Amino acid sequence: MKRIISLLLFVTTVMVASAFDLAEECDNIKGVSTISINQAMLKLVSFPDKGTNPVDLEALSSRLDKVQIINADEPAPTAAVKNMVNRYISSAPRFERTMKMKDGDESVMMYMRTLSVPRANEPQNEFLIIVEDTPDITVVLLVGRITMDELANVTEL
Amino acid sequence: MNKTDYIRYLLDEYYNGTLSLSGERELRSYFAGDYIDPELEAERDMFLALGDIQVPDELEERLNETIYSLDRERKTRRIGLRRWIMRAGAVAATVAIVVTLVLPSGKMTDEEIIGSMTREEVAAHTTRVLELMSRTINAGSESAGRATSVAIEVINSQSDNI
């Protein structure tokens, strides 16, 4: 019986941890706009015009699992989003702050973590960027089998 | 039916375990009597030998105990099996909940997936996110490079002064 209870508690904890969806949580905050694009959506996307960008965005997006954009431009919703993002970062293990830049009222922070390595040399990474320009805040979350180098190449040239 | 045949009939009933008590008494009285048909001499020895067997007093108690313990073991096995079925059920139910809540459900149509956004909008948002990520990483690495250069310059100038 103890084993069953332990198993149920473990599964519940995993479920609660997995169920923390940043965009969904921020959806409940008044004055916040969110965009959430899942893997199934990303597979349907086609990028008709490559323009001058040599990076194949279509191939890149096929390796993305989740894209979320959260935006607020009023002091109260911005504070609530910041609070929610802090909760998300502290609840998600292995998140590492890779960058912080501050220029006056504007600051940019970037976090990254490796979620899993489902295939050889293709780790599933999660990137989180928080751009604050008082009183605005924009949070961008990206999950996919994509590396930081590949992301950097998108606008390198 | 003559007497000998009748005694044979009673003996058959006795060995089959279906003979009544009065029949058994009849057999005992016959074999204890003065005249026994010579054909039944061997039967007499067997019957009397069986009659000499003493049933231990505690036999019934021991038999009852054995039957009870066998019954109890069967019930325990049934309870054990039921417990395992319950455990398996609990695990199966938990897995079902996890699959339902955590994993994406069923096959969705393109319309359901896209929802209120057009494919062009999804492409535009994805591009915007990728570009923002890219610019942030590039700006960060550029700043890091610049900061490192400045730090080296400062250190060099300080060492020249020294």
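A quick note: this is a predicted structure, and the numbers were derived from the prediction, not measured. (Residues numbered from 1 in each chain as written. Chains lettered and ligands numbered in written order. Predicted model: local features only at pLDDT ≥ 70, side-chain atom pairs only at ≥ 80, totals over all residues.)

1. A closer look at the nonpolar core
As a rule of thumb, nonpolar side chains are buried together in soluble globular proteins.
Turning to step 1, where the next piece is worked out: Judged by nonpolar contacts, the single largest core of 41 residues is most densely connected at Val81(A), Ile129(A), Val139(A), Val140(A), Leu142(A), Val129(B) and Met133(B).
Turning to step 2, where the next piece is worked out: Of all the elements, helix 6 (residues 119-161) of chain B adds the most residues to this core, at 7 residues.
Turning to step 3, where the next piece is worked out: Residue contacts for Met133(B): discarding those within four places in its chain leaves Phe127(A), Ile129(A), Val140(A), Leu142(A) and Leu151(A). (Core = buried A, V, L, I, M, F, W, Y, C linked by C-beta atoms within 7 Å. Buried ≥ 20, exposed ≤ 12 C-beta atoms within 10 Å, placed from the backbone. Helix = DSSP H or I, 4+ residues; strand = E, 2+ residues; numbered from the N terminus. Contact = placed C-beta atoms within 7 Å.)

2. Focus on helix 1 (residues 3-16) of chain B
Turning to step 1, where the next piece is worked out: The terminal C-alpha atoms of helix 1 of chain B lie 20 Å apart, and with 14 residues this matches the ideal 20 Å at 1.5 Å per residue to within 8%.
Turning to step 2, where the next piece is worked out: Among the residues trailing helix 1 of chain B, Gly17(B) stands out with phi positive, at a value near 80°. (Expected span 1.5 Å × (residues − 1).)

3. Focus: unusual backbone geometry
Turning to step 1, where the next piece is worked out: Note that the residue after Thr134(A), namely Pro135(A), is joined by a cis bond; omega there is 5°.
Turning to step 2, where the next piece is worked out: Mapped onto the elements of the fold, Pro135(A) is located in the loop between strand 5 (122-133) and strand 6 (136-144).

4. What to know about the confidence of the model for chain B
All names here are of chain B.
Turning to step 1, where the next piece is worked out: Averaged over every residue, the pLDDT of chain B is 73; residues scoring 70 or more account for 65%.
Turning to step 2, where the next piece is worked out: The element-level mean pLDDT for chain B is lowest in helix 5 (residues 110-114), coming to 51, with helix 1 highest at 86.
Turning to step 3, where the next piece is worked out: Between residues 102-108, whose pLDDT stays under 50, and residues either more than four places distant or in other chains, the model counts 5 contacts.
Turning to step 4, where the next piece is worked out: Per the prediction output, this complex has pTM 0.55; the corresponding ipTM is 0.70. (pLDDT = per-residue confidence, 0-100.)

5. Re helix 5 (residues 75-91) of chain A
Residues and elements named next belong to chain A.
Turning to step 1, where the next piece is worked out: Compared with the 24 Å implied by 1.5 Å per residue over 17 residues, the 24 Å span of helix 5 between its first and last C-alpha is a close match.
Turning to step 2, where the next piece is worked out: Along helix 5, the residues that are buried comprise Pro77, Thr78, Ala80, Val81, Met84 and Val85. For helix 5, the arc enclosing every buried residue in end-on projection is 160°, short of the 170-degree limit, so these residues lie on one face. The exposed residues of helix 5 that point more than 90 degrees off its buried face are Pro75, Ala76, Asn83, Asn86 and Ser90.
Turning to step 3, where the next piece is worked out: On the buried face of helix 5, the contacting elements are helix 2 (22-27), strand 1 (32-38), strand 2 (64-72), strand 5 and strand 6. (Arc of directions from axis to C-beta.)

6. Some points on the pairing of strand 2 of chain A
Residue and element names in this part refer to chain A.
Turning to step 1, where the next piece is worked out: Bridge analysis of strand 1 against strand 2 gives 7 bridges, and the strand direction is antiparallel. When the sheet's bridge partners are listed, Asn38 is paired in strand 2 with Lys66.
Turning to step 2, where the next piece is worked out: The sheet contact formed by strand 2 and strand 6 spans 8 bridges and is antiparallel. For Gln68, the partnering residue across the bridge sits in strand 6 and is Leu141. (Pairing = 2+ DSSP bridges.)

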